[in-house]
Amino acid sequence: MPVWVYALGLALVLAGVVCSFIIAEGGGAAAYLAGAGALVLVAAVPFFYIDVLKPIRKLRCEAGQFASACLDGGIWKGKQIDHVTKGLEDIRNELSESRFRIRELETTTNVFMAEKQQTEAVLKSLSVPVLVTDRFDDLIMANDVAGGLFGFDIESSRGKPISESLQFTELVKLIGETSERKVKVPKRVVELSYTGDDGVPIEVRVSLSSIIDPAGEILGVVTVVQDVTRDREVDRMKSEFVANVSHELKTPLTSIQAYVEMLVDGDAADEETRHSFYSIIETESSRMRSMIENLLNLSRLEAGVIQLNMEKVSLHKVIESVLEVMEPHAEKKEIKLEKDISPYLVPVMGDAGYLKRVFINLVSNAVKYTPEKGNVKVVARRDGETARVDIVDTGYGISEEDREKVFEKFYRVKGSSDKAKGTGLGLAMVKKIVEMHHGSIDVESEEEKGSKFQVALPGVS
Ligand code: ADP
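With that settled, consider the site of the ligand. Neighbouring the ligand are 20 residues; N365, Y369, R412, S416 and L427 lie closest to it. The separation between an oxygen atom of the ligand and a polar side-chain atom of N365 is 2.8 Å. Contacts to the ligand include V413, whose backbone N or O atom sits 3.3 Å from an oxygen atom. Taking 520 Å² as the accessible area of the ligand by itself, protein coverage stands at 97%.

Our next topic: the pattern of salt bridges. Under the definition given, this model contains 25 salt bridges. The partner of E293 in a salt bridge is R289, with the nearest N and O atoms 3.6 Å apart. Taken together, the residues span about one helical turn, with E293 and R289 both in helix 9 (residues 271-303) at a distance of four residues. The partly exposed category is assigned to E293, whose relative accessible area is 37%. Here the salt bridges do not stand alone but share partners, grouping R230, E233, E401, K405 and E408 into one network.

At their nearest, the axes of helix 11 (residues 352-368) and helix 14 (residues 426-436) sit 9 Å apart, and the two run at 145° to each other. Crossing geometry of helix 11 relative to helix 14 is assigned as left-handed. From helix 11, Y354, R357, V358, N361, L362 and N365 reach across to helix 14, where they touch G426, L427, M429, V430, I433 and V434. Each residue belonging to the contact of helix 11 with helix 14 can be placed in one class, and the counts come to eight nonpolar, three polar and one charged.

Between its first and last C-alpha, helix 7 (residues 169-180) extends 17 Å over twelve residues, near the 16 Å set by a 1.5 Å rise per residue. The complete set of buried residues in helix 7 reads L171, V172, L174, I175, G176, T178 and S179.

What follows covers the packing of helix 9 against helix 14. Taken N-terminus to C-terminus, the directions of helix 9 and helix 14 make an angle of 40°; their axes are 10 Å apart at the nearest point. Of the possible angle classes, the one that applies to helix 9 and helix 14 is oblique. Regarding helix 9 and helix 14, the two cross each other, and that crossing is left-handed. Judged by residue contacts, N294, N297, L298, L301 and E302 of helix 9 engage A428, M429, K432, I433 and M436 from helix 14. In terms of residue class, the contact of helix 9 with helix 14 is built from six nonpolar, two polar and two charged.

Pairing in this open sheet of five strands is antiparallel, and the strands run 2-1-5-4-3 from one edge to the other. Strand pairing shows two members of the sheet lacking a second neighbour, strand 2 (139-142) and strand 3 (188-195), which therefore form its edges. For this sheet the average axis-to-axis angle between neighbouring strands, irrespective of direction, equals 25°. Where strand 3 and strand 4 (residues 201-212) come together, eight bridges link them in antiparallel fashion. When the sheet's bridge partners are listed, Y194 is paired in strand 4 with I202. Helix 8 (residues 229-264) contacts strand 3, strand 4 and strand 5 (218-227) of the sheet and is inclined by roughly 125° relative to strand 4.

Here we come to the sheet that holds strand 10 (residues 386-393). Overall, mixed pairing links the five strands, which are arranged 7-9-10-12-11 in an open sheet. Looking at which strands have only one partner, the edges of the open sheet turn out to be strand 7 (336-341) and strand 11 (440-446). This sheet shows a mean twist of 15° between the axes of neighbouring strands, independent of strand direction. The sheet contact formed by strand 10 and strand 12 (residues 450-458) spans eight bridges and is antiparallel. Its bridge partner lying in strand 12, V389 is registered against V455. Along the sheet face, helix 10 (residues 315-332) touches strand 7, strand 9 (375-383), strand 10 and strand 12 and points at about 175° away from the line of strand 7.

Inspection of the entire model under this criterion finds five aromatic pairs. Judged by centre distance (5.2 Å) and plane angle (75°), the ring pair of F150 and Y194 falls under edge-to-face. With a gap of 44 residues between them, F150 in helix 4 (residues 144-150) and Y194 in strand 3 connect regions that are remote in the sequence. According to the relative accessible area criterion, F150 is buried, its value standing at 4%. A relative accessible area of 8% places Y194 in the buried class. Residues F168 and Y194 carry aromatic rings whose centres are separated by 4.6 Å and whose planes lie at 35° to one another, so their mutual orientation is tilted. Separated by 26 residues along the polypeptide, F168 in the loop between helix 6 (162-165) and helix 7 and Y194 in strand 3 bring together distant segments of the chain. A relative accessible area of 3% means that F168 is categorised as buried.

Between strand 3 and strand 4, which pair antiparallel one after the other, the connecting turn spans five residues, and G199 there sits at a positive phi close to 80°. Here strand 4 pairs with strand 5 via nine bridges, running antiparallel. Residue pairing across strands places I211 opposite G220, the latter belonging to strand 5. Here strand 4 hands over to strand 5 after five residues, with G216 in that stretch at a positive phi of 90°.

Each value, and the rule that gives it
- Residues numbered from 1 in each chain as written.
- Predicted model: local features only at pLDDT ≥ 70, side-chain atom pairs only at ≥ 80, totals over all residues.
- Heavy atoms only, no water.
- Near = heavy atom within 4 Å.
- Polar contact = N/O pair within 3.5 Å; in protein donor to acceptor, adjacent residues only side chain to side chain.
- Areas by Shrake-Rupley, 256 points an atom, 1.4 Å probe, with all protein chains shown as cover.
- Salt bridge = Lys/Arg side-chain N within 4 Å of Asp/Glu carboxyl O.
- Helix = DSSP H or I, 4+ residues; strand = E, 2+ residues; numbered from the N terminus.
- Buried < 20%, exposed > 50% of the residue type's maximum accessible area, 1.4 Å probe, protein only.
- Axes fitted to C-alpha atoms, helices over the stretch in contact; angles between N-to-C directions.
- Left-handed = near helix turned anticlockwise from the far one by under 90°.
- Contact = heavy atoms within 4.5 Å.
- Nonpolar A, V, L, I, M, F, W, Y, C, P; charged D, E, K, R; others polar.
- Expected span 1.5 Å × (residues − 1).
- Parallel < 35°, antiparallel > 145°, perpendicular 65-115°, else oblique.
- Pairing = 2+ DSSP bridges.
- Phe/Tyr/Trp six-rings, centres within 6.5 Å; stacked < 30°, edge-to-face > 60°.

What follows is the structure, encoded as structure tokens:
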């Protein structure tokens, strides 16, 4: 039933009521109008029931069913509900898929984090400085050695341009050049010189490798810095050693050759001259022999092929015999050679021959590197269970920088050649022998004042 029918009925009833008020008592027309309206309304009642009340009741009933179905945990059927259920199911599927993807991402992130930590741990364990930068030359990672060498704090420099932390402009430039390359480049190795805050120049070998993704794009640069100052110095020392050895061997050889030639040519007329020539030849050849022996001994000691003949040794006797050998050399330079050996000096377990070599070398050096009319003194005493022997001289002394190096093979202090002949092998051999006896050797020195070489050896009762 259309809405206008209900409206017409209602209007007729209202018009009847209004007219009945206007026409007072005799209003027949109004009564007709009201009657007609009432009839229309009565006729519309079934239709009103069908159109309005029934749907409302149905809705109320379905709502009730839905509520009870939900409460009972049952399934709510119906077309709309099917749609809603389908939609909900889709959402649920998407949600579980997203949850799965999130879990996958979490796992991948955890793996990445673990790998990153592992890489950082590996990097930190390396003793060479390493810097890792991204394609924009921002610092991603670096190890403590790198921070220490270049003087920057790793944590506060992370994620910032490397140029802000690294004062080594040449290296910053090289990193920039490497990250700018569009194609994969082989590892670049460059040697540079770097002067840090302490002003000490060091030689570095820098290896720069690009990190390249599968598409060929550069992701960053790994820079490994190697301090090669020591290598360069060893190279220099080796060349110096070869020059020294050949010079040292050539000098006595030339002299031997010259005296032999004179003898062959009959230039030594009398027996006395011939005798002096023989004695020079003997001295020079023994000098050569001792030099070659020193070289061979050191290499044997270093190779560990020498077996020490261990026995209870009196250092008193060893020192006495050394001084006896050295006395003529000291006399030549008018050097006063003294000894101060404590009667309480403990004996040591060692190889008497090798221990003699130790003290011959030390006293010989003291005499060699002390100007004429100086003093050399050997002081030996007991210190608990240790035997301590100091070789003290009033010689040229050794600078602090050189003191660290004199025990290295082939090392000779600059200018030593002007003072005395040598190969820079003596102290290296001394140190090796002392260590083989479980002892230690140290040096105290002041330039132009003198030096004190201190040997400590474990004593035996
Ligand atoms: P060398 O054959 O040159 O003497 P050593 O190994 O015995 O070799 O000594 C190494 C360097 O240490 C020497 O060249 C010298 O410069 C320095 N040196 C050693 N002993 C002394 C000393 N008593 N006084 C000053 N310099 C010394």
